[in-house]
2 protein chains.
Amino acid sequence: MSEIRFDLVTGKMVIIAVERAKRPHDFAIAHQEKKGSKDCPFCPRNENMTPPSLVEIKDGQGKWLVRGFTNKFAALNTEVKEIDVPSLYRGEYGYGVAEVIVESPYHDVTFGNLTLEQMKRVFHAIIERYRSIVKDEKIKYVQVFKNFGPRGGASLEHGHWQVIAIPFIPELVNREVEGTQEYIKKERKCPYCEIIEYEREAGVRLIGENEKFVAIAPYASQYPYESWIIPKEHQEKFEEIDEDSLSKFVEILKPLIEKYEKEFEMPPYNIVLHTLPPRDIRNYHWHIEIAPRLTIAAGFELGTGVHINPVSPELAASILKLQNL
Amino acid sequence: MSEIRFDLVTGKMVIIAVERAKRPHDFAIAHQEKKGSKDCPFCPRNENMTPPSLVEIKDGQGKWLVRGFTNKFAALNTEVKEIDVPSLYRGEYGYGVAEVIVESPYHDVTFGNLTLEQMKRVFHAIIERYRSIVKDEKIKYVQVFKNFGPRGGASLEHGHWQVIAIPFIPELVNREVEGTQEYIKKERKCPYCEIIEYEREAGVRLIGENEKFVAIAPYASQYPYESWIIPKEHQEKFEEIDEDSLSKFVEILKPLIEKYEKEFEMPPYNIVLHTLPPRDIRNYHWHIEIAPRLTIAAGFELGTGVHINPVSPELAASILKLQNL
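Residues numbered from 1 in each chain as written. Chains lettered and ligands numbered in written order. Predicted model: local features only at pLDDT ≥ 70, side-chain atom pairs only at ≥ 80, totals over all residues. Heavy atoms only, no water.

### What to know about the relation of the copies chain B and chain A
Then comes step 1: Superposition record for chain B on chain A: RMSD 0.0 Å, screw rotation 180 degrees, translation along axis 0.0 Å. On this basis, the relationship between the two copies can be described by a two-fold rotation axis.
Then comes step 2: The share of interface residues of chain B whose copies in chain A are also at the interface is 100%, consistent with both copies meeting through the same surface. (Least-squares fit on C-alpha atoms with pLDDT ≥ 70 in both. Contact = heavy atoms within 4.5 Å.)

Here's what the structure looks like:
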């Protein structure tokens, strides 16, 4: 059972995924990463360890190359229920959808080592599920992301993406979309289009570019070696990407992820999609943000909400620089 | 050299603590925790490895029991400078103060194992430095916090607190203070006073209380087993705490930290002070928030700003419950 709760003072939301009578010591253990593929629920032949497939992209022999299904340990519940909320507070039932997309049949292949074709298959599967999930009008946002490594929040080693659909527009998404509206109102230009133009000119935070995408180390990077990949054309929604753009997208994403995985020796990282909520008609410019997790957000960040980043984005870009795209 | 930068779209701030020509591989190593006390800069007889003392609380023989000094690897710089900001963006020089308070001469004693007297000495030293630092009117907030364990963001093992003073009121602090004003305007009561009253009555999220303080698992806990300690009396500022209240404060803090350290076998955790900014005349109610770091905020949290907490605050309170306070 899952609940959405609001802080009395700040209104800040949290999703409480209530697990009955869980002992604290089990808890730490549950977050250990399982090694090896024999017991891996994401490996071929272990499909019975997971819920049934919701999407499969298959090879010529009918074997799956990418597979998606409901997350067995979902943060949200698909029923709609009423719950009791203590009179002082505000809370609601945690309606939503949580799914997993396994990115290849191979247990040990990292995301950066997938072929370009396989990367495209992963996004095809994500987009297929995304489009299906947003048909439910109760869903207000779908967060698509990948966690890599235990310190990146991955509880299973076998490469996978997650799709979590929620019944509200989360505050960070709203802040970005609202920030975009305000910038456009003031400057008559999309701020992301401005960033692309400025950073291509300036060069110092440019990681690489091809015909359709730029990769930059953003000026106010919150994480050391953070990068963004932004489509050059002003596009609101990721799920509307065409086949040609998707090819160009993975042609910049793959070498960048390879670079991270090599340069930092398989660092924990998160890849996070930022896109306009479904049925939202405001202006926006989708992009992905990649955050290697080389530092820990600790007491200062928890208290202030402000990150300390020990690496300048200019240095990050010089180290991540991609050649021959 | 340190810079404060603002995201073009959201206005979100980051502190970039620029470290020249740092290689990525050094970086990972710099965040390893050093073991043992021989090379520990926080141990007695190694004082020459740190900047000179700014505060010392001594025993009868003149040996220090608590010692504070400037952080050698400060996130902010004490000079005031002008910097070049790229024309598209907003940024400023990272003025501020960063100090360390070593909480005991003993390398291996955890915070929960300090005596009540020693805990009070730690807070005496913090308050002394706090009061001195805020004499500088350029300082708009002082974040006081403790990181424990590498996964809690501590880069050194020897128990210590940090005091980071910044030239702005950070957004989370402002959100809490503003939320407090709005609540008071609407309900004619301090929301933290309301929480105390409600939770003492309800009981299910109450961890413990004494004459002057309550400890609760907050209704919208962002972290599993998160707890808050709040003074029962409406007090704006921690640094104005009197001697008797400080005694009662450590009498609830110590058993709670002991409980965490035992129950979760030395988990990483952060203790974060929430207090009214200096010279701020708005309403507020200081408290501390304790966040064990048993989960990793990953792609979902990065994208949405919403935490998923797998442990209900009601379960947390039942496990953390303090007897015989």
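### Digging into the pattern of salt bridges
Then comes step 1: The tally for this structure, following the rule as stated, stands at 44 salt bridges over all chains.
Then comes step 2: Between Glu-314 of chain A and Arg-205 of chain A there is a salt bridge whose closest N-O contact spans 2.7 Å. One end of the pair, Glu-314 of chain A, is in helix H7 (residues 313–320); the other, Arg-205 of chain A, is in the loop between helix H4 (191–202) and strand S9 (206–209), and 109 residues separate them in sequence.
Then comes step 3: Glu-56 of chain B is the partner of Arg-67 of chain B in a salt bridge, and the nearest nitrogen-oxygen pair spans 3.8 Å. With Arg-67 of chain B in strand S4 (residues 64–70) and Glu-56 of chain B in strand S3 (residues 53–58), this residue pair connects regions lying eleven residues apart in the sequence.
Then comes step 4: Taking relative accessible area as the criterion, Glu-56 of chain B reaches 31% and is therefore assigned partly exposed. (Salt bridge = Lys/Arg side-chain N within 4 Å of Asp/Glu carboxyl O. Helix = DSSP H or I, 4+ residues; strand = E, 2+ residues; numbered from the N terminus. Buried < 20%, exposed > 50% of the residue type's maximum accessible area, 1.4 Å probe, protein only.)

### Focus: the interface of chain B and chain A
Then comes step 1: Taken together, the 95 residues of chain B in the interface contact 95 residues of chain A.
Then comes step 2: Linking chain B with chain A are four salt bridges, by the criterion used here.
Then comes step 3: Across the pair Arg-175 of chain B and Glu-171 of chain A runs a salt bridge whose closest N-O atoms are separated by 3.0 Å.
Then comes step 4: Linking chain B with chain A are 26 residue pairs in polar contact (both at pLDDT 80 or more), by the criterion used here.
Then comes step 5: Sorting elements by how many residues they give to the side of chain B that touches chain A places helix H3 (residues 171–187) of chain B first, with eight residues.
Then comes step 6: The residue makeup of the side of chain B that touches chain A, split by class, is 51 nonpolar, 24 polar and 20 charged.
Then comes step 7: Sheet topology places strand S14 (residues 307–309) of chain A next to strand S2 (residues 13–17) of chain B; three bridges connect them, and they run parallel. Note that in S2 of chain B the partner of His-307 of chain A across the bridge is Val-14 of chain B. (Polar contact = N/O pair within 3.5 Å; in protein donor to acceptor, adjacent residues only side chain to side chain. Nonpolar A, V, L, I, M, F, W, Y, C, P; charged D, E, K, R; others polar. Pairing = 2+ DSSP bridges.)

### Description of the sheet that holds strand S12 (residues 269–274) of chain A
All names here are of chain A.
Then comes step 1: Spatial strand order, S3-S4-S6-S8-S7-S12-S13-S11-S10-S9: ten strands in an open sheet with antiparallel pairing. On the outer flanks of this sheet lie strand S3 (53–58) and S9, each paired with one strand and no other. The average undirected angle you get between the axes of adjacent strands in this sheet is 15 degrees.
Then comes step 2: Where strand S6 (residues 97–102) meets strand S8 (residues 160–166), six bridges bridge the pair, whose relative direction is antiparallel. (Axes fitted to C-alpha atoms, helices over the stretch in contact; angles between N-to-C directions.)

### Things to note about the packing of aromatic side chains
Then comes step 1: Scanning the model with the defined rule gives 38 aromatic pairs over all chains in all.
Then comes step 2: With a centroid separation of 6.5 Å and an interplanar angle of 85 degrees, the aromatic rings of Phe-111 of chain B and Phe-123 of chain B are classed as edge-to-face. Linking Phe-111 of chain B in the loop between strand S6 (97–102) and helix H2 (116–133) with Phe-123 of chain B in helix H2, this pair joins segments that are twelve residues apart in sequence.
Then comes step 3: Judged by relative accessible area, Phe-123 of chain B falls into the buried class, the value being 3%.
Then comes step 4: Aromatic ring contacts, followed pair by pair, group Phe-111, Phe-123, Trp-161, Phe-213, Phe-238, Phe-249 and Trp-286 of chain A into a single cluster.
Then comes step 5: One Lys or Arg, Arg-90 of chain A, reaches over the ring of Phe-6 of chain A and ends 3.7 Å from the middle of that ring. (Phe/Tyr/Trp six-rings, centres within 6.5 Å; stacked < 30°, edge-to-face > 60°. Lys NZ or Arg CZ within 6 Å of the ring centre and 35° of its normal.)

### A closer look at the pairing of S2 of chain B
Residues and elements named next belong to chain B.
Then comes step 1: Burial analysis of S2 places five of its five residues in the buried class, which makes it a mostly covered element.
Then comes step 2: In S2, alternate side chains face the same way, and those of Met-13, Ile-15 and Ala-17 on one face and Val-14 and Ile-16 on the other are all buried.
Then comes step 3: As paired elements, strand S1 (residues 2–6) and S2 share five bridges and run antiparallel to each other. Its bridge partner being in S2, Arg-5 is matched across the sheet by Val-14.

### Things to note about the side chain of His-107 of chain B
All names here are of chain B.
Then comes step 1: Here His-107 lies in the loop between S6 and H2.
Then comes step 2: Given a relative accessible area of 8%, His-107 falls into the buried group.
Then comes step 3: A polar side-chain atom of His-107 sits 2.8 Å from a polar atom in the side chain of Glu-157.
Then comes step 4: One polar contact links His-107 to His-158, side chain to side chain, over a distance of 3.5 Å.

### Regarding helix H7 (residues 313–320) of chain B
Then comes step 1: Taking burial as the measure, the eight residues of H7 of chain B include six buried ones, the bulk of the element.
Then comes step 2: Of the positions making up H7 of chain B, those classed as buried are Pro-313, Leu-315, Ala-316, Ala-317, Ile-319 and Leu-320 of chain B.

### Regarding the domain arrangement of chain A
By a widely used convention, the size of an interface equals the accessible area lost when the partners come together.
Residue and element names in this part refer to chain A.
Then comes step 1: Taken domain by domain, chain A consists of domain 1 (2–166) and domain 2 (171–320).
Then comes step 2: Look at where the C-alpha atoms of domain 1 and domain 2 centre, and you get two points 22 Å apart.
Then comes step 3: The interface is formed by 30 residues belonging to domain 1 together with 33 residues belonging to domain 2.
Then comes step 4: Of the roughly 2800 Å² buried between domain 1 and domain 2 on both sides combined, carbon and sulfur atoms contribute 60%.
Then comes step 5: Summed over the shared surface of domain 1 and domain 2, the number is two salt bridges.
Then comes step 6: A salt bridge links Glu-171 to Lys-12; the nearest nitrogen and oxygen atoms lie 3.9 Å apart.
Then comes step 7: For the interface between domain 1 and domain 2, the tally reads 18 residue pairs in polar contact (both at pLDDT 80 or more).
Then comes step 8: Breaking the side of domain 1 that touches domain 2 down by element, the ones donating at least two residues are helix H2 (116–133) and strand S7 (141–148).
Then comes step 9: Split into classes, the residues belonging to the side of domain 1 that touches domain 2 amount to 14 nonpolar, eight polar and eight charged. (Domains from an automatic or database assignment. Buried area = accessible area lost by both parts, 1.4 Å probe.)

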